[in-house]
Every structure is written in structure tokens, then in C-alpha cells.
Amino acid sequence: MTVNRFAAAVFSGVLTAGLAVSAVAQDETDDAPKDQGVTLELNKLEQVDETCRAYMLFENDSDSDFDQFRLDLVLFDAEGVISRRIAIEAAPLEAGRSTVKFFDFTEQQCDSIDRILVNGVSPCADASGEREDCNDMLNLVSRADVEFYQ
């Protein structure tokens, strides 16, 4: 009986120490700098006559001012069929700033859009010239009832 109590006490101490180390490690990772990139939020879709207007929030957490940032978007209907492919220019995007922009998808009903694929970002350029890493730095979020993905 005494051995079991001793073993339980040792195990409890090891478990507590492990949790404390885990909590310290978690605190250190929370303070670590987050990946810098551009978060693109599809905030809402709104029908305006025969046009579907997409409101998008761009949060540029990078150190770059983008003077070119063209998104290649593919719209899918509920059956998974491509209904449209659209290129939209989102630049300029200033470093460290958030910007709301809207884009009109003419002759498009919002309720017919089930998914939007960001097929790529090209061209993408800042003061240093054309960049190849823009697809990798893009983080997508959707508040609309539409899947928004890469």
C-alpha cells in the first residue's frame, strides 16, 4: 500500500512538472512572431441588381507595400461546375494596413456561388520587383456562406 501511494505521488509530481513545462513552452510560442503575410477575408456577398458584389478585407501584415497583387478567382456552383473565372487587382496594399475593397461580378447571382477558389496571385510585386512567394503568404478566411480556399 505504501509503495502504491509513493508511486502515485511520484507520478503526480512528474505529471505536474510536465504540465508546468508544457505551459511555459506554450507561453513562449505565443510570444513568437507570427508568420507575416496577407490575410484575405471574404467578408460578404451582396446582390446588386444583376451583379454579385464581393466585399473583401485585406490585412497586410507583411513589411511590403504591394503595387501589384492580382488574384485569379474561380467561382463554382453548388454542383461543382465552374461558373466563372475572374482576375481582380487588389493592389495597392500598404504594409501593416487593413483595407476593405469590393469587386463586382457582373451578370452573376450571389446565391449561385457555392465555392471560390483563389487559383493564384500573379502578378505580385513590391518595390523590390516581382515576387514569387505571394501564394504562400496568403491566408484565407470567409465570413460568407461560401467556401473560400486555395
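Each remark here, short or long, concerns the structure printed above.
This structure is a prediction, so every number in the text was calculated from the model and none was measured.

Asks: Before we move on, could you go through the overall build of the chain and cite the residues and values that matter?
Replies: The helix and strand tally for the chain stands at 1 helix and 9 strands. Walking the chain from its N terminus toward its C terminus, one meets helices and strands in the order α-β-β-β-β-β-β-β-β-β. Of all 150 residues assigned to the chain, the portion counted as buried reaches 36%. Of the contacts made within the chain by residues no fewer than 6 positions apart, 67% connect residues no fewer than 24 positions apart. When the accessible surface of the chain is split by element, carbon and sulfur atoms take 49% of a total near 9,400 Å².

Asks: Can you lay out the state of the cysteines for me, pointing to particular residues and giving the numbers?
Replies: Applying the stated criterion across every chain yields a total of 2 disulfides. Here Cys52 connects covalently by a disulfide to Cys110, the sulfurs 2.1 Å from one another. Between Cys52 and Cys110, the disulfide has an S-S torsion of 110° and is therefore right-handed. With Cys52 in strand E2 (residues 51-60) and Cys110 in the loop between strand E5 (98-106) and strand E6 (115-126), this residue pair connects regions lying 58 residues apart in the sequence. Here Cys124 engages in a disulfide with Cys134; their sulfurs sit 1.7 Å apart. Around the S-S axis, the bridge from Cys124 to Cys134 shows a dihedral of about -55° and counts as left-handed. Taken together, the positions of Cys124 in strand E6 and Cys134 in the loop between strand E7 (129-130) and strand E8 (138-142) put the pair 10 residues apart, joining distant regions of the chain. Using a relative accessible area of 1% as the deciding quantity, one classes Cys124 as buried.

Asks: Summarise the side chain of Thr39; cite the residues concerned and give the values.
Replies: For Thr39, the position within the fold is in strand E1 (residues 38-48). Excluding residues within four positions of it along the chain, Thr39 makes contact with Leu57, Phe58, Glu59, Asn139 and Val141.

Asks: Could you give an account of the packing of aromatic side chains, with specific residues and numbers?
Replies: Aromatic ring pairs are described here by two measures, namely the spacing of the ring centres and the angle between the planes. With the rule as written, the count across this model stands at 3 aromatic pairs. Taking the centre distance of 5.8 Å and the plane angle of 45° together, the rings of Tyr55 and Phe102 count as tilted. One end of the pair, Tyr55, is in strand E2; the other, Phe102, is in strand E5, with 47 residues separating them in the sequence. Taking relative accessible area as the criterion, Tyr55 reaches 19% and is therefore assigned buried. A relative accessible area of 46% means that Phe102 is categorised as partly exposed. One cation-aromatic arrangement involves Lys44 over Tyr55; the distance from NZ or CZ to the ring centre is 5.0 Å. Its guanidinium or amino end placed over the ring of Phe76, Arg115 lies 4.3 Å from that ring's centre, counting from NZ or CZ.

Asks: Now, about the sheet that holds E1: what can you tell me, with residues and values included?
Replies: Taking strand neighbours across the sheet as the criterion, the 4 strands line up as E5-E2-E1-E8 in an open arrangement whose pairing is mixed. Each of the sheet's edge strands pairs with one partner strand only, and the pair in question is E5 and E8. Each strand of the sheet is rotated relative to its neighbour by a mean of 25°, with strand direction disregarded. Relative to E2, E1 runs antiparallel, the two being bridged by 10 bridges. For Leu40, the partnering residue across the bridge sits in E2 and is Phe58.

Analysis parameters
- Residues numbered from 1 in each chain as written.
- Predicted model: local features only at pLDDT ≥ 70, side-chain atom pairs only at ≥ 80, totals over all residues.
- Heavy atoms only, no water.
- Helix = DSSP H or I, 4+ residues; strand = E, 2+ residues; numbered from the N terminus.
- Buried < 20%, exposed > 50% of the residue type's maximum accessible area, 1.4 Å probe, protein only.
- Contact = heavy atoms within 4.5 Å.
- Areas by Shrake-Rupley, 256 points an atom, 1.4 Å probe, with all protein chains shown as cover.
- Disulfide = S-S within 2.5 Å.
- Phe/Tyr/Trp six-rings, centres within 6.5 Å; stacked < 30°, edge-to-face > 60°.
- Lys NZ or Arg CZ within 6 Å of the ring centre and 35° of its normal.
- Pairing = 2+ DSSP bridges.
- Axes fitted to C-alpha atoms, helices over the stretch in contact; angles between N-to-C directions.

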